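As a plain string of letters, each chain reads:
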Amino acid sequence: MTTERVRARVFGEVADEYDRIRPGYPAELVDDILTYARLAEAPALEVGAGTGKATALFAARGVTLTAVEPDPAMAAVLEQRVAGLPKVTIAVSSFEDYLPDQPFGLLFSAQAWHWTDPAVRWEKAAAALAPGGALALFWNFHCPKDPDVVAGVLAAHQRHAPHITPNNRPIDDGALAASWPQVELETLAGFGELSARLYRSERILSGADYLAYLSTQSVYLMLDDTTRAELFAALKDLLGEQVTLSVDTALHLARRTA
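Below is a summary of the structure that appears in this document. These figures come from a predicted structure and were not determined experimentally. (Residues numbered from 1 in each chain as written. Predicted model: local features only at pLDDT ≥ 70, side-chain atom pairs only at ≥ 80, totals over all residues. Heavy atoms only, no water.)

Points about helix α6 (residues 147-160)
Step number 1: The end-to-end C-alpha distance of α6, which contains 14 residues, comes to 20 Å, matching closely the 20 Å that a straight helix rising 1.5 Å per residue would cover.
Step number 2: Residues of α6 that are buried: Val149, Val150, Gly152, Val153, Ala156 and His157. Summarising the axial view, the buried residues of α6 lie within an arc of 165°, below the 170-degree limit, and thus occupy one face. The outward face of α6, more than 90 degrees from its buried face, is lined by the exposed residues Pro147, Asp148, Gln158 and Arg159.
Step number 3: Check the buried side of α6 and you find it contacts β5 (129-144), α10 (218-221) and α11 (225-239).
Step number 4: Sitting at the head of α6, Asp146 places a side-chain oxygen 2.8 Å from the backbone nitrogen of Asp148. (Helix = DSSP H or I, 4+ residues; strand = E, 2+ residues; numbered from the N terminus. Expected span 1.5 Å × (residues − 1). Buried < 20%, exposed > 50% of the residue type's maximum accessible area, 1.4 Å probe, protein only. Arc of directions from axis to C-beta. Contact = heavy atoms within 4.5 Å. Polar contact = N/O pair within 3.5 Å; in protein donor to acceptor, adjacent residues only side chain to side chain.)

Okay, structure coming up:
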């Protein structure tokens with residue numbers, strides 16, 4: 001019997017490549033989160049830790065944290081990354097099934113909060129946090145910097161995978177506060193002191209590594225083999241040897257009300 005693949009759980013199929021090619025997060029972002037959180041000695045909870053890109057950054061600052069990751073293959077890479085860091089505990093579990101055994105001063109999620117169950121995620125987050133605890137949700141967004149490359153990438157998708165619309169422009173600063181999850185947080189009585197921040201950078205990848213980066217995204221992992229091969233062949237022809245990417249890292253902060 002064939003097991004149905006769930007889009008939120010396909011990353012373990014490419015765990016090693018995900019760890020190799022996915023970017024990390026700005027040091028300034030970690031600084032801002034910890035300044036906002038005012039943790040002192042309180043522990044942190046990470047939701048959807050993946051291979052530990054963000055986990056390691058917070059652990060390096062001396063934060064005691066529990067990293068929750070539902071995919072065993074991703075958690076195996078995470079375990080290797082944090083080996084020797086006694087302040088990091090790994091829980092191989094979905095956030096929905098995880099039962100905290102203590103209140104946390106910070107709950108953060110890097111590149112994963114949209115995969116949690118919308119019916120329970122905010123209630124679960126509020127329950128996991130001590131009063132006054134901080135919530136920090138952040139994502140990296142990439143798009144080619146060269147407008148001609150952007151046009152070519154869009155055309156290739158329209159030809160081979162028209163249901164996929166890749167990121168094709170930097171995030172507008174003014175639109176960040178009006179985007180999800182900020183607009184949803186504004187409706188929740190359990191959270192206040194909201195803010196949204198944007199961190200801009202650039203990343204240079206070879207054409208092959210840009211395709212490798214795309215291959216770790218769930219929307220491409222869910223394509224059938226033929227469609228993905230045709231799309232990536234078309235992209236390879238237009239990318240050239242090197243691609244410069246505009247990188248926007250969006251951070252959304254909120255505080256658990258008493």
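Moving on from the model shown.
Quick word on unusual backbone geometry
Step number 1: A cis amide bond links Trp180 with the next residue in sequence, Pro181, at an omega value of 10°.
Step number 2: Tracing the backbone through its elements, the reader meets Pro181 in the loop between α7 (173-176) and α8 (182-185).
Step number 3: Positive phi, normally seen in glycine, also occurs at Ala40, with a value near 55°.
Step number 4: With respect to the helices and strands, the residue Ala40 is situated in the loop between α2 (27-37) and β1 (44-47).
Step number 5: Given the relative accessible area of 73%, Ala40 is considered exposed.

Notes on the packing of helix α9 (residues 207-215) against α11
Step number 1: Their axes nearest at 9 Å, the elements α9 and α11 cross at an angle of 145°. As α9 runs across α11, the sense of the crossing is right-handed. Residues Gly207, Tyr210, Leu211, Leu214 and Ser215 of α9 lie in contact with α11, whose contacting residues are Phe232, Leu235, Lys236 and Leu239.
Step number 2: Classifying every residue of the contact of α9 with α11 gives 6 nonpolar, 2 polar and 1 charged. (Axes fitted to C-alpha atoms, helices over the stretch in contact; angles between N-to-C directions. Left-handed = near helix turned anticlockwise from the far one by under 90°. Nonpolar A, V, L, I, M, F, W, Y, C, P; charged D, E, K, R; others polar.)

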